[in-house]
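One-letter residues, chain by chain:
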There are 2 protein chains.
Amino acid sequence: MHEVVVVGGGLAGLTAACRLVQRGRDVVVLEAQDRVGGRTSAEAVHGASVDVGGQWIGPGQRRMVALAVELDLPTFPTFDTGRKVLDLAGTVTTYAGSIPSLPPHQLAVLQATIWRIDSMAAKIPAANPWDSPHARAWDRRTLAGWMAASIPSRTVRDVMRAAIRVIFGAEPEELSLLHALWYIGQGGGILSLAEIRGAAQDSRFVDGAHAVAIALARRLGERVRLAEPVGEVIEEDGGVRVVTAQGDHRAARAIIAVPPHMAVRMHFSPALPPERDALMQRMPMGATVKFHALYDRPFWRDADLSGEMVCTHGPVSVVFDNTSADGAHAALVGFCVGAAARRMGSLSPDDQQAAVTEVLVRGFGPRAQAMAGFLAKDWAADPWARGCPTAGMPAGVMSIYGPALRRPCGRVHWCGTETALEWTGYMEGAVESGERAADEVFALLA
Amino acid sequence: MHEVVVVGGGLAGLTAACRLVQRGRDVVVLEAQDRVGGRTSAEAVHGASVDVGGQWIGPGQRRMVALAVELDLPTFPTFDTGRKVLDLAGTVTTYAGSIPSLPPHQLAVLQATIWRIDSMAAKIPAANPWDSPHARAWDRRTLAGWMAASIPSRTVRDVMRAAIRVIFGAEPEELSLLHALWYIGQGGGILSLAEIRGAAQDSRFVDGAHAVAIALARRLGERVRLAEPVGEVIEEDGGVRVVTAQGDHRAARAIIAVPPHMAVRMHFSPALPPERDALMQRMPMGATVKFHALYDRPFWRDADLSGEMVCTHGPVSVVFDNTSADGAHAALVGFCVGAAARRMGSLSPDDQQAAVTEVLVRGFGPRAQAMAGFLAKDWAADPWARGCPTAGMPAGVMSIYGPALRRPCGRVHWCGTETALEWTGYMEGAVESGERAADEVFALLA
């Protein structure tokens, strides 16, 4: 009999467990896989260890910044020196600064669009977006519908679409305007999510972001049980019994630290309330394939290119320099999203590499052909994530079912980056949600 | 070791099983509940047995019509004599015929809207809507977005919204235009879905629609195992092993006859392909509360009212006369949908009855207050349906993930009304999908 059982050993669950243990509580963490970290994970390619999941942090993410210091995990700035590449439906140009090389009138439209989105986002309360005065109206529209009606330039719409696709792992038509604005607002606005310097892609962990979860799990020691997927969560006898193939774990309360579309796959007894079940049916995980292309040296830097490339069409949406901190492993990292992720995921590794190579050659020249290594991770194929980076809400979900997002169901509490009040969808949001869930449960323990 | 294991004892699964047994195959049906029928079900109220789930059939539904004859289950016409009630945002009028009492210019808009929707729907192939020339464009829009842009009258939009809400159990913003058109086209157009005579609400079963599933299950006898919820579906040793709490069932092939949002809750090994998993994450079940209000006599008929009432706003969307075939049990039946279903579901039975009474008094006069019995079924609270009547697809789903809808995954085949090629969402669609899945599997058995 424990005080708290945490289901899920990603950043949210590990944070919740550490916080409760720090306060003297007896906790067990049940993780389905043979590793911790959830949507942060490391794999080897061409002698390098790379983050196949979440990897960046920014200065606005105070919890992750503090964790890096506390866990003694050094970070370094993402490389962003040089010009960036814009591939506008096949037409490649380069630009400096944070705004693409567009004609002045399109630039004005882009600036106005960013300003409008950020102003709307700023009006939405993080804790209860469904109560905002615009909730019903904004939830009735898709982000794509708003963009079509509000951005009077096809090119700017295409550029915005590329940004949105990478941020959410989804096409703008898959997202409610209300949910998208809530998400953007939590991260400090569009540029704060899309940019490198001072923004969400500001810094990387020298030893990879996956090291954070490993360090947290080390603190928890034997309390973390790997390879124990949870089948049932049963509330009985004034507590909860969580059933895995290895046996039962009893506790006073449970924290479910997996995304909604995975939580729905557990059997809850008593059955969860209708609004909670309906919400979990309505938060599909984004579709993202993240790839690493390794090279003998970062040849793009020779041409004064930063390695950043944005594509409005085609298989790849965005590319960044991802060379290791010591410079030993030159790399570009990129993302395929939505329909393109599905297509990329269906290809053989060789065909994936060929498709990516074609894009990189267009952006960075023929030297991009000489890859030393290639690794693509299709998160939709990962049986315990089934998508990445985050769960979105289609139109009509948040205003109706949103209030069930964090509301405990009896002795069952919810966390995970999708429930965050700051930086939802990011590692920072996972940590924030873990802290919140731990505090919520701590206050209720005898 | 069986030849086929069918998971789910609703109309789709029972049909598939009967068809295979008829052709000499060895089949077992595993049903989670202690009854068959899925989204058809009967309950008692004030001495009457009423269909709390699907109940109507129409002349265009040839399989259900044939089944009624074959199973010797008599049907009778839905009562529709008299004027209908339209509650337009609180303003109540009555009308004859199939078109509400609107001013001539609004009537013209309504007719044009129906014509446009039906023409677009007719262009979409039932088997592969994702291949239609308009697939991408129509899937990028919600039905609500299309309505806002294409119906130049707020009143007509409100009337159409009421019809759509009842048909899908969802708000138009929750639905992709492509998916909605595909669905409407399969049922023969908007009026064919919304009307009584000659349409989807034409007839009722004297002994209730649930009798169909019971009769099919009787044919299968011991082959149907009740109260055996399936936890795992494992492909191994050239067959499948389906695991329930009662033990293992081995077969050459499996037919999964539960809706996608329930299938996702089973554990599949090997893991399902990414596009199948992603699809199941993206087909939430509609939200419908169906209520029966019983009276000592059908008093509305005295005032030449048919019992049909359409409300554009408020807790109830539509009401029909539901008096028993022998006239012994006078009843009105009605539906609360989407956000209104959530609110209704959260009320106590007394408060539900009070909310419904207020609507019925507005439509049918003060005699509606004297209910002899009241029963409301919130399908979102049903642990094995988790919604009703059908699963919808939000914008951006069908064009990307639709091809996974019926595609077998190894030895695992899919049916259920959501996979139908005719009358998807209806009992007819369930039967059609069961026949198709049975034929698909039969052709592959040794």
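Residues numbered from 1 in each chain as written. Chains lettered and ligands numbered in written order. Predicted model: local features only at pLDDT ≥ 70, side-chain atom pairs only at ≥ 80, totals over all residues. Heavy atoms only, no water.

(A) A look at helix H6 (residues 154-168) of chain B. Residue and element names in this part refer to chain B. The first and last C-alpha atoms of H6 sit 21 Å apart over 15 residues, in line with the 21 Å expected at 1.5 Å per residue. Across the 15 residues that make up H6, a large majority, twelve, are buried. What H6 keeps buried is the set Thr155, Val156, Asp158, Val159, Met160, Arg161, Ala162, Ala163, Ile164, Arg165, Ile167 and Phe168. Note on H6: the residue one or two positions beyond its end, glycine 169, has a positive phi of about 65°. (Helix = DSSP H or I, 4+ residues; strand = E, 2+ residues; numbered from the N terminus. Expected span 1.5 Å × (residues − 1). Buried < 20%, exposed > 50% of the residue type's maximum accessible area, 1.4 Å probe, protein only.)

(B) How the structure looks around the interface of chain A and chain B. Taken together, the 35 residues of chain A in the interface contact 35 residues of chain B. Here chain A meets chain B over a buried area of about 3,000 Å², counting both sides, of which 53% is carbon and sulfur. Together, Arg265(A), Gln281(A) and Arg386(A) form the three largest contributors to the area buried by chain A at its contact with chain B, with a combined 20%. Linking chain A with chain B are eight salt bridges, by the criterion used here. The salt bridge partner of Arg265(B) is Asp277(A), with a shortest N-O separation of 2.8 Å. One can count 14 residue pairs in polar contact (both at pLDDT 80 or more) joining chain A with chain B. Ranked by residue count, the leading element in the side of chain A that touches chain B is helix H11 (residues 274-281) of chain A, at four residues. (Contact = heavy atoms within 4.5 Å. Buried area = accessible area lost by both parts, 1.4 Å probe. Salt bridge = Lys/Arg side-chain N within 4 Å of Asp/Glu carboxyl O. Polar contact = N/O pair within 3.5 Å; in protein donor to acceptor, adjacent residues only side chain to side chain.)

(C) Structural context of the domain arrangement of chain A. Residues and elements named next belong to chain A. In terms of domain boundaries, chain A breaks down into domain 1 (2-39 + 210-284 + 395-442), domain 2 (42-81 + 199-208 + 286-381) and domain 3 (99-194). Between domain 1 and domain 3, the C-alpha centre-to-centre distance is 30 Å. Interface area, domain 1 with domain 3, both sides summed: about 1,500 Å², of which 62% is carbon and sulfur. At the boundary of domain 1 with domain 3, the tally comes to zero salt bridges. At the junction of domain 1 and domain 3, the tally comes to nine residue pairs in polar contact (both at pLDDT 80 or more). (Domains from an automatic or database assignment.)

(D) Up close: the packing of helix H2 (residues 62-70) of chain A against helix H16 (residues 427-442) of chain A. All names here are of chain A. One way to put it is that H2 packs onto H16 with a least axis distance of 8 Å and a crossing angle of 90°. In terms of orientation, H2 lies roughly perpendicular with respect to H16. Across the interface between the two elements, Arg62, Arg63, Met64 and Leu67 of H2 pack against Met427, Glu428, Val431, Glu432 and Glu435 of H16. (Axes fitted to C-alpha atoms, helices over the stretch in contact; angles between N-to-C directions. Parallel < 35°, antiparallel > 145°, perpendicular 65-115°, else oblique.)

(E) Representation of the pairing of strand S1 (residues 2-7) of chain A. Residues and elements named next belong to chain A. Within S1, five of the six residues are buried, which leaves the element mostly enclosed by the surrounding structure. As judged from the five bridges shared by S1 and strand S13 (residues 247-256), these two strands associate in the parallel manner. From the neighbouring strand, valine 7 faces S13, where its bridge partner is isoleucine 256. In the sheet, S1 pairs with strand S2 (residues 27-30) via four bridges, with the strands oriented parallel. Following the sheet pairing, valine 7 is matched in S2 by leucine 30. Once the chain exits S1 it traverses helix H1 (residues 11-22) before rejoining the sheet at S2, and the crossover so formed is right-handed. (Pairing = 2+ DSSP bridges. Right-handed = clockwise from strand over helix to strand, strands pointing away.)

(F) Structural detail: the relation of the copies chain A and chain B. Expressed as a screw operation, the relation of chain A to chain B combines 0.0 Å of axial shift with a rotation of 180°, fitting to an RMSD of 0.0 Å. Expressed as a symmetry operation, the mapping of one chain copy onto the other fits a two-fold axis. For chain A, the minimum C-alpha distance to the rotation axis belongs to Arg265(A) and amounts to 2.1 Å. (Least-squares fit on C-alpha atoms with pLDDT ≥ 70 in both.)

(G) Region of the structure containing the environment of Asp296(B). Residues and elements named next belong to chain B. When you line up the elements, aspartate 296 lands in the loop between strand S15 (288-295) and helix H12 (299-302). Taking the C-alpha atoms as reference points, aspartate 296 and glutamine 22, 274 residues apart in sequence, are found 45 Å from one another. Sequence-distant contacts of aspartate 296, that is, excluding residues within four places in its chain, are made with His46, Ala330 and Ala372.

(H) Region of interest: the pattern of salt bridges. Residue and element names in this part refer to chain B. Applying the stated criterion across every chain, the model contains 64 salt bridges over all chains. Between arginine 19 and glutamate 435 there is a salt bridge, with its nearest N and O atoms 3.9 Å apart. In this pair, arginine 19 sits in helix H1 (residues 11-22) while glutamate 435 sits in helix H16 (residues 427-442), placing the two residues 416 residues apart along the sequence. Here arginine 250 ties to glutamate 236 by a salt bridge, and the two come within 3.3 Å at their closest N and O atoms. Note that arginine 250 is positioned in strand S13 (residues 247-256) and glutamate 236 in strand S11 (residues 230-236), a separation of 14 residues in sequence. Relative accessible area serves as the criterion here: at 38%, arginine 250 is assigned to the partly exposed category.

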